[in-house]
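Here's the letter readout for the chains.
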Amino acid sequence: MKVRCPDCKAIAELADDFSYVKCTECEFDMTYGEYVKYIAYKDARYRDILSDYKK
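The paragraphs below set out a description of the structure included in this document. Since we're looking at a predicted model, the values are computed, not measured.

1. Description of the state of the cysteines
Piece 1. Applying the stated criterion to the full structure yields 0 disulfides.
Piece 2. C26 supplies the cysteine sulfur nearest to C5, a cysteine that is in no disulfide, at a spacing of 3.6 Å.
Piece 3. On the basis of relative accessibility, which here comes to 0%, the residue C5 falls in the buried class.
Piece 4. Residue C23 stays outside any disulfide, its sulfur separated by 3.6 Å from that of C8, the closest cysteine.

So, in structure tokens, the structure goes:
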């Protein structure tokens, strides 16, 4: 599956089993859980998602 890289905005790869997110453009590499937290803290538009995710 394709997702947007939060660092370089290129297309990153999300594993089919949601185990990782990797970007070949900037070498971004995180687990999906870390990715969700990272984008939530980096972009205010996603902070509500993180609060829902913690409940």
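Read on, since the account is not over.
2. Concerning the pairing of strand β2 (residues 11-14)
Where a strand is regular, its side chains alternate between the two sheet faces.
Piece 1. Of the two faces of β2, only the one carrying A12 and L14 is buried; I11 and E13 on the other face are not.
Piece 2. Summarising the sheet, strand β1 (residues 2-4) and β2 pair through 3 bridges and their orientation is antiparallel. Its bridge partner being in β2, K2 is matched across the sheet by E13.
Piece 3. The hairpin turn running from β1 into β2, its antiparallel successor, is 6 residues long, and K9 in that turn takes a positive phi close to 70 degrees.
Piece 4. In terms of strand pairing, β2 meets strand β3 (residues 21-22) through 2 bridges, oriented antiparallel. Residue E13 lies in a different strand from β3, and its bridge partner there is K22.

3. Notes on helix α1 (residues 32-42)
Piece 1. For α1, the complete set of buried residues consists of Y35, V36, I39 and A40. The arc that holds every buried residue of α1, seen down its axis, measures 130 degrees, which confines them to one face.

4. Here we look at the packing of aromatic side chains
Piece 1. Summed over the entire model, instances satisfying the criterion amount to 4 aromatic pairs.
Piece 2. Consider the rings of F18 and Y32, whose centres lie 5.3 Å apart with planes at 80 degrees: the pair is edge-to-face. Placement of F18 in the loop between β2 and β3 and of Y32 in helix α1 is noted, with a sequence separation of 14 residues between them.
Piece 3. What makes F18 partly exposed here is its relative accessible area of 40%.
Piece 4. Classification of Y32 by relative accessible area gives partly exposed; the value is 27%.
Piece 5. For the ring pair F28 and Y35, a centre distance of 6.2 Å and an interplane angle of 75 degrees mean the geometry is edge-to-face.

Basis of the calculations
Residues numbered from 1 in each chain as written. Predicted model: local features only at pLDDT ≥ 70, side-chain atom pairs only at ≥ 80, totals over all residues. Heavy atoms only, no water. Disulfide = S-S within 2.5 Å. Buried < 20%, exposed > 50% of the residue type's maximum accessible area, 1.4 Å probe, protein only. Helix = DSSP H or I, 4+ residues; strand = E, 2+ residues; numbered from the N terminus. Pairing = 2+ DSSP bridges. Arc of directions from axis to C-beta. Phe/Tyr/Trp six-rings, centres within 6.5 Å; stacked < 30°, edge-to-face > 60°.

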